[in-house]
Structure formats: C-alpha cells, structure tokens
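# Summary of the model geometry
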Amino acid sequence: MSKYQVNNNGYYGRFGGQYVPEMLYPNVETLRHSYLDIINSDSFQKEYKELLKNYVGRPTPLTLAKRMSAEYNANIWLKREDCAHTGAHKINNAIGQILIARHMGKTRIIAETGAGQHGVATATVCAMFGMKCAVYMGEVDIERQAPNVARMKMLGAEVIPAVSGNMTLKDATNEALRDWISNPEDTFYLIGSVVGPHPYPDMVAKLQAIISEESKSQFREQSGGKDLPDYVVACIGGGSNAAGSFYYYLNDENVRLIAIEAAGLGLNSKDTAASISRGSEGIIHGSRTMLMQTDDGQIIEPYSISAGLDYPGVGPLHSFLSECGRETVLAATDQEALDAAIELTRLEGIIPALESAHALAGLRKLKLKKNDNVIVTISGRGDKDMATYMNRFNL
Ligand SMILES: *Cc1c(COP(=O)(O)O)cnc(C)c1O
C-alpha cells in the first residue's frame, strides 16, 4: 500500500482520525465497515461508471490551451471539470455517495452546504434517484446565495436554515450532525469534500480520483510521446478537486503537485482562507488537520472572494501531503484570482469559476521552463460567479 494512503485507523500520518461524539460513533463505524467493499464491488463500479459517462458527460476533456501556453512559455493543459453536469466536479462525489447510500439501504440523504454548490449537487442526485433530501445551510448563507437556494428547492430538496452561531457553514455542519444522530437508521450524511471523520476523506478522494485517472491517459494520448506531466495544479478549499486531480500521480514522485489556497486580501491580512499556510493543527469536523483558529482554539471565520474556498479547515490528506513535502502549497489573493479569470477568458474563451481561477493564478508563481507540461484543473465554470465578475470588471 502506498505511503500516501490512509492507514487502517483512518490516519494520514498524525492527521485524520474520527473525532466524533460518542453518539455518532456507530454511524461512522457502520460506514467505515462498508465503504470499501461497496466501492470495490462490480455492481457499484458498473453503475458509477455508467452514470459518470451518460449523466455527468465524462470523460471531461483535457484541453491544450494554446494561447495560454504561448503566454507562459510552457504547455498548459486544462482538465475541464467545468464541462461536467451541474458545472463542477462536485457531482462526481455526490453520485458516488448516493450509490453507496443505496447499497447500505438508506432512504434519506442529508448534507450541509456553505455556498450552496454541494447542496445543489446533492439535490441533483437525490432528484435523479427520487430520494428524500434535506440540506442544512446557515441563515446568513441562505441570504447570500439565493440562486443556489432556489436551485435546491426546484430540485425538490428541503433547505433547513441553521440559526446558531454565526449562521454559516460550521453551524450548518453541526445541525446536519445532530440530524444524523437522531436518524441513524434511514439517513445517509453526504459530505461534500475530503473532510470529516474517517472514512469520509478517503471515500471522497476515491470518488474524485476519476479526474486524474482520466487526465493521466488523456495526457499520454495527446502529448505526443510524453508519459507524465511535470506539474498538476489545483485549487484547494476542503481539497476534493485537488485530491482527485493528484490521486493517480501520488506515486509518480517526479510529477510536482501544486495546491493553491485562497489568500483572500493577503496571506498576512486577517481576511484569508489559507488554512495550511496560515493555520495551525487542531480538530475540525471530526478530524485532526490544519485549520484557522485563535490561540485558545476558537475557529476563525475565513474570508475569500470565492465561496467554495471560504472554509476554515482543509482535508487531512492535504495537511499530510504538504507536511511530508509531496505537495507544495501556495496561495493566491482575490485580485490575483480575478486577473487569472479574465486572462483565461480572453485567451481561451473559457470563463472559470472563481475557485478555479485561484489554481490558474498559481501558474505565475511556478518557475516554468519551456517544454514543461502543466495540467491545471478547472474545477468549475464561472456562471455562478457572474455577479462578482460584473461588479469587479464593470461589465
Ligand atoms: C466547492 C468547489 C471548490 C472547492 O472544494 P474542494 O473540495 O477544495 O474541491 C472548488 N471549485 C469549485 C468549482 C467548487 O464548486
């Protein structure tokens, strides 16, 4: 087994684990005992691959960005998760987990959401399977993210406001966990990134690994004889698109893996979401990882222009990969991401999500050589960010 895989106790080095209240332990343990058998079963793989192909529209393209390549004097390849149904990579995970839920005999799905993107992906797959769906969302986020709230409702999900604390993602997560404790028999908790107690980080990484499974063979086919790229670059909020983008390259030690966090107004400002660069070790959402906290352990509200990167923690896999040097973590500010978004749009005719724009902004921070091959994951499309782009670019 690879040294980068989770161990039998649910840890990556000292990161990860299952830091949950006793009342939640049976639910998490039941999932831990079933998830690998289900994922590895023929019936799961057949259904998962069929839906990825005929519902999501996979494989997503690997596009050689010609004008970007000329600009950066290197070969820039784009892994196009923006082309997936619902416009981002989150659907890969939502489909995988709802299939696991059905294999376990569950009839009701719950989820938490901050910006609403994971809520929309969850509501989408619940509609497809005709399953009951409740999405917890902070009252403040419900007001900030009205279009995604409307999408979830149109898809038939019940959106339940969390009114405790700051009324944002952390509070929605607490409410979802309470729901799961009260409804252990019929309910499956569908988590949206490589976060939470074991086995979620490993399960979500495996469900997003399709991104690198595809990019590896697409690169071989399209590169004219090169076996592997020199760099793979992805943005990192909780870290699921990055985990999926890196997964099949982890043991190819010559491929440099670059994760880009959101620096917000600047790494040294208080308005940032750079949990690895600026955070410290602690426990959040059931696992030991890097997070943004005060000296006495209170979670600091993160800030980024990008709603999907605006998360105070990061998946334990990334804390581990960064500490052991397998992945390099850099950060891009709001302004750098905006500059990168307009650059991609004008050079390639692709409007990226603000999250993905952070990954693109990372390109300027690499010392690229001519003939270097760089795969950048475009985790999603920019439609959802048009209000921000209109405001910032005076459109
Ligand atoms: C949610 C989201 C992200 C951040 O989540 P990860 O788990 O870090 O991938 C990035 N890009 C898009 C388009 C998203 O919707």
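Before going into details, it helps to say that this report is about the structure given with it. (Residues numbered from 1 in each chain as written. Predicted model: local features only at pLDDT ≥ 70, side-chain atom pairs only at ≥ 80, totals over all residues. Heavy atoms only, no water.)

## What to know about the overall build of the protein chain
To be explicit about the condition: Here a strand is any run of E in DSSP of at least two residues, a helix any run of H or I of at least four, and the numbering for each starts at the N terminus. Using C-alpha atoms as the atom set, the radius of gyration is obtained and then compared with a globule rule of 2.2 Å times the number of residues to the power 0.38. Exposed residues in this analysis have more than 50% of their type's maximum accessible area, buried residues have under 20%, and partly exposed residues fall in between, with area computed by a 1.4 Å probe over protein chains only. Working rule for contacts: check all heavy atoms of both residues, and any pair within 4.5 Å makes them a contact. Calculation of accessible area relied on Shrake-Rupley with a 1.4 Å probe; when residues are assessed, cover is drawn exclusively from the protein chains displayed. We count Lys and Arg on the positive side and Asp and Glu on the negative side, and we leave His and both chain ends out. To locate a charge, take NZ of a lysine, CZ of an arginine, CG of an aspartate or CD of a glutamate.
Helices and strands together make up the secondary structure of the protein chain, namely 16 helices and 14 strands. Scaling as 2.2 N^0.38, a compact globule of 395 residues should have a C-alpha radius of gyration of about 21 Å, and the protein chain matches this with 19 Å. Overall, the protein chain is about 55 × 45 × 40 Å in size when its C-alpha atoms are taken along their principal axes. Here the protein chain holds 395 residues, and the buried ones make up 60% of them. Long-range contacts, defined as pairs at least 24 residues apart, comprise 72% of the intrachain contacts of the protein chain with a sequence gap of at least 6. For the protein chain, the accessible area works out to roughly 15800 Å², and carbon and sulfur atoms hold 49% of it. Taken as two groups, the 39 positive and 45 negative side-chain charges of the protein chain have centres that lie 5 Å from each other.

## Observations regarding the pattern of salt bridges
Cut-off, in case you're wondering: Salt bridge, as used here, is a side-chain nitrogen of Lys or Arg placed within 4 Å of a carboxyl oxygen of Asp or Glu.
Evaluation of the coordinates by the stated rule reveals 25 salt bridges. Here R32 and E29 are joined by a salt bridge, their closest N and O atoms 2.8 Å apart. Of the two residues, R32 and E29 both sit in helix α1 (residues 25-40), 3 residues apart, roughly one turn of that helix. For R32, a relative accessible area of 24% translates into the label partly exposed. When its relative accessible area of 14% is taken as the criterion, E29 is described as buried. A salt bridge links E213 to K49; the nearest nitrogen and oxygen atoms lie 3.9 Å apart. Of this pair, E213 sits in helix α10 (residues 210-222) while K49 sits in helix α2 (residues 42-56), and the two are 164 residues apart along the sequence. The exposure class assigned to E213 is partly exposed, which follows from its relative accessible area of 35%.

## Considerations on the site of the ligand
To keep it simple, the criterion reads: We define proximity as follows: a residue is near a molecule or strand when any one of its heavy atoms falls within 4 Å of that partner. Within 3.5 Å is the distance limit for a polar contact, defined as a pair of N or O atoms, with the added protein rule that one can donate a hydrogen and the other accept it, and that residues adjacent in sequence qualify only through two side-chain atoms. We call Asp, Glu, Lys and Arg charged. Ala, Val, Leu, Ile, Met, Phe, Trp, Tyr, Cys and Pro are nonpolar, and the rest, Gly among them, are polar.
Around the ligand sit 17 residues, and of these K90, Q117, S193, S240 and S379 come closest. Between the ligand and K90, the relevant distance is 2.6 Å, taken from an oxygen atom to a side-chain nitrogen or oxygen of the residue. In isolation the ligand has 380 Å² of accessible area, and contact with the protein removes 97% of it. The class makeup of the residues in the shell around the ligand is 4 nonpolar, 11 polar and 2 charged.

## A word on the pairing of strand β12 (residues 287-291)
Put simply, the test is: Between any two strands, at least two bridges found by DSSP are needed for them to pair.
The element β12 is extensively covered by neighbouring structure, given that 4 of its 5 residues are classed as buried. Sheet analysis places strand β11 (residues 280-284) next to β12, joined by 5 bridges and oriented antiparallel. Bridging from a neighbouring strand, S280 pairs with L291 of β12. Between β11 and β12, which pair antiparallel in sequence order, lie 2 residues; one of them, H285, sits at a positive phi of approximately 45°.

## Considerations on the packing of aromatic side chains
Applicable threshold: To pair, rings of Phe, Tyr and Trp, with the six-membered ring standing in for Trp, must have centres within 6.5 Å; the planes then decide the type, stacked if under 30 degrees apart, edge-to-face if over 60, and tilted in the middle.
Per the stated rule, a full pass over the model turns up 7 aromatic pairs. Measuring from centroid to centroid gives 5.4 Å for Y247 and Y248, while their planes differ by 65°, and the two rings are edge-to-face. Feature note: the residues W180, Y189 and Y200 constitute an aromatic cluster, connected by ring pairs.

## Description of the environment of I38
Mapping I38 onto the fold places it in helix α1. The spacing of I38 and R58 is 20 residues in sequence and 22 Å in space, taken between C-alpha atoms. Each residue touching I38, except ones within four places of it in the same chain, is listed here: F44, I100, H103 and M104.

## Brief notes about the sheet that holds strand β8 (residues 187-189)
What counts is decided by this rule: Note on geometry: axes are lines fitted to C-alpha atoms, helical ones only across the stretch in contact, with angles between N-to-C directions running from 0 to 180 degrees.
Strand order across the open sheet formed by 4 strands is β7-β6-β5-β8, with parallel pairing between neighbours. Here the strands that pair on one side only, and so sit at the sheet edges, are β7 (158-162) and β8. Averaged over all pairs of adjacent strands, the angle between strand axes in this sheet comes to 25°, irrespective of strand direction. Of the pairings in the sheet, the one linking strand β5 (residues 108-113) to β8 comprises 3 bridges and is parallel in character. Looking across to β8, one finds that I110 is bridged to Y189.

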